[in-house]
Amino acid sequence: MDNSYIIAIDFGTAYSGYAFSLTKREAEIEPRLKYWGQQVSLRTPKTPTCILFDEHGKFLSFGYEAQSAYFRTRGDEARKKFFFECFKMSLYGKKLNSDVTIEAANGRSMKALKVFTEALRHLKEDALKFISENAGGKQFIASDFTWVVTVPAIWDPSAKQFMREAATQAGIVTAGKEDRLVIALEPEAASVWCKKLPADGFKTENNSEVTFEQASGTQYIVVDCGGGTIDITVHEVLEGGALKELHKASGNDLGGQTVDIKFKEFLREIFSDSLWDTYEKEDPGELQKMMYDISVLKENDDDVEISCPYNLGEMAKEKQKMETFFESVRGVSWNRGSIKISKEKVRSFFAESLNGITKSLREILKKDFRVEYILLVGGYARSLILRQHITNQFSDQCKVLCPSHPQEAIMKGAVMFGRNPALVASRISAFTYGVSLSLRFDASNHRADKRYTNKEGEWCDGIFCVLVRENEEVGWDKTSEYSCTPIERDQTAITFAFYRTERNIQGLMYVDEWGVEKIGSIILESPVTARGMNREIKLQIKFGATEITVTAIDVDSGSTVKTELDFMAKSMRSIRNNVWQK
């Protein structure tokens, strides 16, 4: 990894892009970006996270190209095609497997894994082509690089594994080279980049001359304000400059998309449910164009004026005079072909999202930390309304800063993180994790229904053996080791089933108790059975990295399985334990 170049893909809910570095020396890294949008007379560091397939499911285009092509389609043609936008949110808060489907704009479904794979494949191929064109024509292939893909810190582990699987199917990494793909957590990547910025590389909303001082012991909150999620992490700067996580990742799904949805609900209120339903069905391309225009306008704190799309106007005029639609709705007016929404009404669209962010930050600031700064990053942080609100709410407790280019912070920081994952020295475990084991049955201590018998005797099934506790600090490269043995002398395969919980574990004994959730499993071959039940099985687990990795070792045979936990198993049925701890 140390000798490779770096490409970091920031796969955002609303916008995606990549940064790269062809410098092998960490101190000289200055990540470079591709700027997008030339075909639509724009120059932006990211492109819309939109993808278009034909009626047979064949990939057509991504980003501005997909958006432009879909905007131009009409009626039946648009309804035939699969157009997906902001589809990353389909992974939020869900247990995923390879068969999960997501719905396109035409109401038809496609496997989510295919959608994500084709999007990542396009970004990979575009990056290799762009870098070659800007490196004097030198040709690159995917294996020349360490790749970094960013994900929200608050995502479920199955969603992180899903992104790794999509990246693998997209040809970003190949079997045996899995370590050339790094999963980076978005607020952490942004934090790494903000630490590198000069002290005056930030803007404030109250015109104060605030700089970001980064001495050892400095504590700060990073709020990654994305299109889909609000992702919050708390860091402390350590001696030497590395970062230590102080509070487990938190946040919600009230990102910038929430504001877009409120805009759309308001337009539905103006034009009526029946007319709006017809418009959504008959002119999806024109509707998407209007929603894109709205998403750009929401960055300012001002009245919003939107040109009424032609087909929406024609449909409305068939019902009644255009002015009539606006007479009974407050905060909006019709102005010579444009829909004018007042500043106060626009601010109301932000209320739910801003209240959610405020609540999350207050919870953290109640804790016993010495937080000096709140750093706002991500595309949604470009919104003046958001920045002013956070400043008004918290400037009496800490300094609120935003990098000059908040939408670039994650992908640039991800390049640096890909070069050196030790930049985040430790993390806080979000859950208590455990493995299911068997113990010799003890009638005075164990539930009768957990008792089972094999040729080796009586056992108690499903004991929750704690591996790491919630809120425990874990080093990024720390390996925890545990020993166990088979429960049958001729057993040739060992299955480890892993669980997690957020409940208080005092009194917790079994994996089938309330609040305990199965998250994955691995299987280890144990072919040498000569020592029967005296064989030693070692379990080595790294909890402190961005993905939980497990190494299981059969000491007698030397058989080893190193893997990320399988969080995407289609069936999470209970498995009888076949290991025990003496």
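Notes on the structure follow. (Residues numbered from 1 in each chain as written. Predicted model: local features only at pLDDT ≥ 70, side-chain atom pairs only at ≥ 80, totals over all residues. Heavy atoms only, no water.)

Scanning the protein from N- to C-terminus turns up 13 helices and 32 strands. Along the first, second and third principal axes, the C-alpha atoms of the protein reach 85 × 55 × 55 Å. For the protein, long-range pairs separated by at least 24 residues make up 71% of all intrachain contacts whose partners lie at least 6 apart in sequence. The averaged location of the 83 negative side-chain charges in the protein is 2 Å from the averaged location of its 77 positive side-chain charges. (Helix = DSSP H or I, 4+ residues; strand = E, 2+ residues; numbered from the N terminus. Contact = heavy atoms within 4.5 Å. Lys, Arg positive; Asp, Glu negative; His and termini not counted. Charge placed at Lys NZ, Arg CZ, Asp CG, Glu CD.)

As a further point, take the sheet that holds strand β7 (residues 82–85). Judged by pairing direction, the sheet is antiparallel, and its three strands sit side by side in the order β6-β5-β7 without closing on themselves. At either end of the open sheet lies a strand with only one pairing partner, and these are β6 (59–62) and β7. Strand-to-strand, the axes of this sheet are offset by a mean angle of 15 degrees, without reference to chain direction. One ladder, built from four bridges, connects strand β5 (residues 50–53) with β7; its direction is antiparallel. Residue pairing across strands places cysteine 50 opposite glutamate 85, the latter belonging to β7. Along the sheet, helix α3 (residues 112–133) contacts β5, β6 and β7; its crossing angle with β5, the most-contacted strand, is approximately 110 degrees. (Pairing = 2+ DSSP bridges. Axes fitted to C-alpha atoms, helices over the stretch in contact; angles between N-to-C directions.)

Together, Asp302, Asp303, Glu305 and Glu344 make up a negatively charged patch on the protein surface. As for its position among the elements, aspartate 303 is in the loop between α8 (284–297) and β16 (304–307). (Patch = residues over 30% accessible without salt bridge, like charges linked within 9 Å, V, L, I, M, F, W, Y side chains within 5 Å. Areas by Shrake-Rupley, 256 points an atom, 1.4 Å probe, with all protein chains shown as cover. Salt bridge = Lys/Arg side-chain N within 4 Å of Asp/Glu carboxyl O.)

As a further point, take the environment of lysine 367. With respect to the helices, strands and loops of the structure, lysine 367 is situated in the loop between α11 (343–365) and β19 (371–377). With a relative accessible area of 40%, lysine 367 lands in the partly exposed category. (Buried < 20%, exposed > 50% of the residue type's maximum accessible area, 1.4 Å probe, protein only.)

Geometrically, a packed helix pair is captured by the angle between its two axes and the distance between the axes. Running from N to C, helix α5 (residues 186–196) and helix α13 (residues 409–419) cross one another at 85 degrees; their axes reach a closest spacing of 7 Å. By the criterion of interaxial angle, the relationship of α5 to α13 is roughly perpendicular. Counted together, Glu186, Glu188, Ala189, Ala190, Val192, Trp193 and Lys196 of α5 and Ala409, Ile410, Lys412, Gly413, Ala414, Met416 and Phe417 of α13 form the full contact between these two elements. Residue composition of the contact of α5 with α13, by class: nine nonpolar, one polar and four charged. (Parallel < 35°, antiparallel > 145°, perpendicular 65-115°, else oblique. Nonpolar A, V, L, I, M, F, W, Y, C, P; charged D, E, K, R; others polar.)

Okay, the packing of aromatic side chains next. Applying the stated criterion across every chain yields a total of 27 aromatic pairs. Between tyrosine 70 and phenylalanine 83, the ring centres sit 4.1 Å apart and the planes meet at 5 degrees, which makes this aromatic pair stacked. Within this pair, whereas tyrosine 70 is found in helix α1 (residues 64–72), its partner phenylalanine 83 is found in strand β7, the two being separated by 13 residues in sequence. Here tyrosine 70 and phenylalanine 83 have matching classes, each one buried. With a centroid separation of 5.4 Å and an interplanar angle of 55 degrees, the aromatic rings of phenylalanine 140 and phenylalanine 145 are classed as tilted. With respect to class, phenylalanine 140 is no different from phenylalanine 145; both count as buried. Three or more aromatic residues joined by ring pairs form one cluster here, namely Phe271, Trp276, Tyr279, Phe325, Phe326 and Trp334. Lysine 34 extends its terminal NZ or CZ atom over the ring of tryptophan 36, reaching a point 4.1 Å from the ring centre. A cation sits over an aromatic face here: arginine 503 above tryptophan 514, 4.3 Å from the ring centre. (Phe/Tyr/Trp six-rings, centres within 6.5 Å; stacked < 30°, edge-to-face > 60°. Lys NZ or Arg CZ within 6 Å of the ring centre and 35° of its normal.)

Turning to the side chain of serine 16, a few remarks are in order. The topology assignment puts serine 16 in strand β2 (residues 15–21). One polar contact links the side chain of serine 16 to the main-chain amide nitrogen of glycine 12, over a distance of 3.2 Å. Those residues in contact with serine 16, other than ones at most four positions away along the chain, are Asp10, Phe11, Trp36, Lys46, Thr47, Thr49, Phe62 and Leu123. (Polar contact = N/O pair within 3.5 Å; in protein donor to acceptor, adjacent residues only side chain to side chain.)

We now examine the pattern of salt bridges. With the rule as written, the count across this model stands at 34 salt bridges. When the shortest N-O distance is used, the salt bridge between glutamate 77 and lysine 81 registers 3.6 Å. The exposure class assigned to glutamate 77 is partly exposed, which follows from its relative accessible area of 41%. Taking the shortest distance from any N to any O, the salt bridge between glutamate 186 and lysine 88 comes out at 2.7 Å. On the criterion of sequence distance, the pair formed by glutamate 186 in helix α5 and lysine 88 in the loop between β7 and β8 (101–103) is long-range, its members being 98 residues apart. Accessibility assignment for this pair places glutamate 186 and lysine 88 in one class, buried. One salt-bridge network, in which partners are shared between bridges, spans Arg268, Asp273, Asp277 and Glu280.

Across all of its chains, the model carries zero disulfides by this definition. Note on cysteine 86: no disulfide assigned, nearest cysteine sulfur contributed by cysteine 50 at a separation of 6.6 Å. With no disulfide of its own, cysteine 225 lies 8.0 Å from the sulfur of cysteine 402, the closest cysteine sulfur. Residue cysteine 225 is classed as buried on the basis of its relative accessible area, which comes to 0%. (Disulfide = S-S within 2.5 Å.)

For glutamine 38, the position within the fold is in the loop between β3 (32–33) and β4 (47–48). By relative accessible area, glutamine 38 is classed as exposed at 74%.

In this section: the packing of α11 against helix α12 (residues 384–394). The interhelical angle for the contact between α11 and α12, taken along N-to-C directions, is 40 degrees, at an axis separation of 10 Å. Put simply, α11 runs oblique to α12. As α11 runs across α12, the sense of the crossing is right-handed. Side by side, α11 and α12 meet where Val346, Arg347, Phe350, Leu354, Ile357, Thr358, Leu361, Arg362 and Leu365 of the first sit next to Ile385, Leu386, His389, Ile390, Gln393 and Phe394 of the second. Looking at the contact of α11 with α12 residue by residue, the classes come out as ten nonpolar, three polar and two charged. (Left-handed = near helix turned anticlockwise from the far one by under 90°.)

Purely geometric numbers; function is a separate question.
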